[in-house]
Amino acid sequence: AAAAAAPKRANIEELAALVADARQRLGPDHWATAATMLLLHYRRRSEAGGGIDLFAAAAGCRFIGWLVGRKLKLPPAAVVRTPVALSLDCATFLAGVIQAKEPSPLPDGRCFAARVLADFLLPVFDASGHTVAAIAGTGERVDRLRRWLAQLRSTCGRCGKSCAGDSASASVCGRCKCVRYCGRECQQADWKARHKAGCLPAGESLAGDAAWKLLMPAA
């Protein structure tokens, strides 16, 4: 008998259409819409051999944003191992999505990674992370991201100079409130080079359309 044909892989446009359809039919706050984001995150990763790309990261961020928006009591890390793993993978990817300081077509993932860490992963892990720390190096990976976040908050996002102390020239991005700068020159240069293409206003949810459009501008 002839071998069965491999199932057709959905492209980015088709997956984005599924996202839009779920939100239009059910609304952005429906649990089934959030479940769709979770499904699409892992579907995209399965098609990429387990790896993560911007679509998977965008879907993951939207799910985490929805979860944070429920304003529920912090769950034990051992109970929410899937959201913990998802947020860990998304934050790791987005924290390193751009290393160069030159213009790039990719969005700046720093404020997204910072929000995933500050809004969900670190609070959950600090409360009960010891129960999952030894699984697949989770504890070590969280520690690396914790150090990355501390560096983001204390050094210039353009030149890397320390912004600790009471430097009169140091400032923080007025939109995302996540990225710091040693002075106006570095802030303007970083905005043009990369931060404009990834600066999520602090008041915007990770689950909102603004966040999605920043990570998936062509979808």
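Located above this text is the structure these notes cover.
Since the model is a prediction, treat every value here as computed from it, not as a measurement.

Caption draft 1: Spatial organisation of the side chain of D89. Tracing the backbone shows D89 in helix α4 (residues 81-95). When neighbours within four sequence positions are excluded, D89 is seen to be in contact with R45, I52 and R141.

Caption draft 2: Region of the structure containing unusual backbone geometry. Of note, A136 is a non-glycine position whose phi angle comes to about 50 degrees, a positive value. Relative to the elements of secondary structure, A136 occurs in the loop between α5 (110-128) and α6 (138-154). If you check the backbone angles, K177 has positive phi at about 65 degrees while not being a glycine. Its location among the elements puts K177 in the loop between β1 (171-172) and β2 (180-181).

Caption draft 3: Region of interest: helix α2 (residues 31-47). A rise of 1.5 Å per residue sets the reference length of α2, with its 17 residues, at 24 Å; its end C-alpha atoms lie 24 Å apart and thus fit the reference within 8%. Considered for burial, the residues of α2 that qualify are A32, T33, A34, T36, M37, L40, H41, R44, R45 and E47. The inward-facing, buried residues of α2 abut α1 (12-26), α3 (54-69), α4 and α8 (209-215). Backbone geometry just after α2 places G49 at a positive phi near 70 degrees.

Caption draft 4: Summary view of the nonpolar core. Among the nonpolar cores identified, the biggest contains 60 residues, and F55, L94, F112, L117, L121 and L215 are the most heavily contacted of them. Secondary structure elements with two or more residues in this core: α1, α2, α3, α4, α5, α6 and α8. The element that contributes the greatest number of residues to this core is α5, accounting for 11 residues. When near neighbours in sequence (up to four residues on either side) are disregarded, L94 contacts L54, A57, C61, G109, R110, F112, A113 and L215.

Caption draft 5: Quick look at the pattern of salt bridges. Taken as a whole and judged by the stated rule, the model has 13 salt bridges. Taken together, the salt bridges that share partners define one network made up of D108, R110, D190 and R194.

Caption draft 6: Quick peek at the packing of aromatic side chains. In the structure shown here, the tally under the stated rule is 2 aromatic pairs. Between F55 and W212, the aromatic rings sit 5.6 Å apart at their centres with planes inclined by 80 degrees, giving edge-to-face as the arrangement. With F55 in helix α3 and W212 in helix α8, this residue pair connects regions lying 157 residues apart in the sequence. Note on accessibility: F55 and W212 belong to one class, buried. Seen in terms of ring centroids, F63 and W66 are 6.2 Å apart; in terms of plane orientation they differ by 25 degrees. Their pairing is stacked. Taken together, the residues span about one helical turn, with F63 and W66 both in helix α3 at a distance of 3 residues.

Basis of the calculations
Residues numbered from 1 in each chain as written. Predicted model: local features only at pLDDT ≥ 70, side-chain atom pairs only at ≥ 80, totals over all residues. Heavy atoms only, no water. Helix = DSSP H or I, 4+ residues; strand = E, 2+ residues; numbered from the N terminus. Contact = heavy atoms within 4.5 Å. Expected span 1.5 Å × (residues − 1). Buried < 20%, exposed > 50% of the residue type's maximum accessible area, 1.4 Å probe, protein only. Core = buried A, V, L, I, M, F, W, Y, C linked by side-chain atoms within 4.5 Å. Salt bridge = Lys/Arg side-chain N within 4 Å of Asp/Glu carboxyl O. Phe/Tyr/Trp six-rings, centres within 6.5 Å; stacked < 30°, edge-to-face > 60°.

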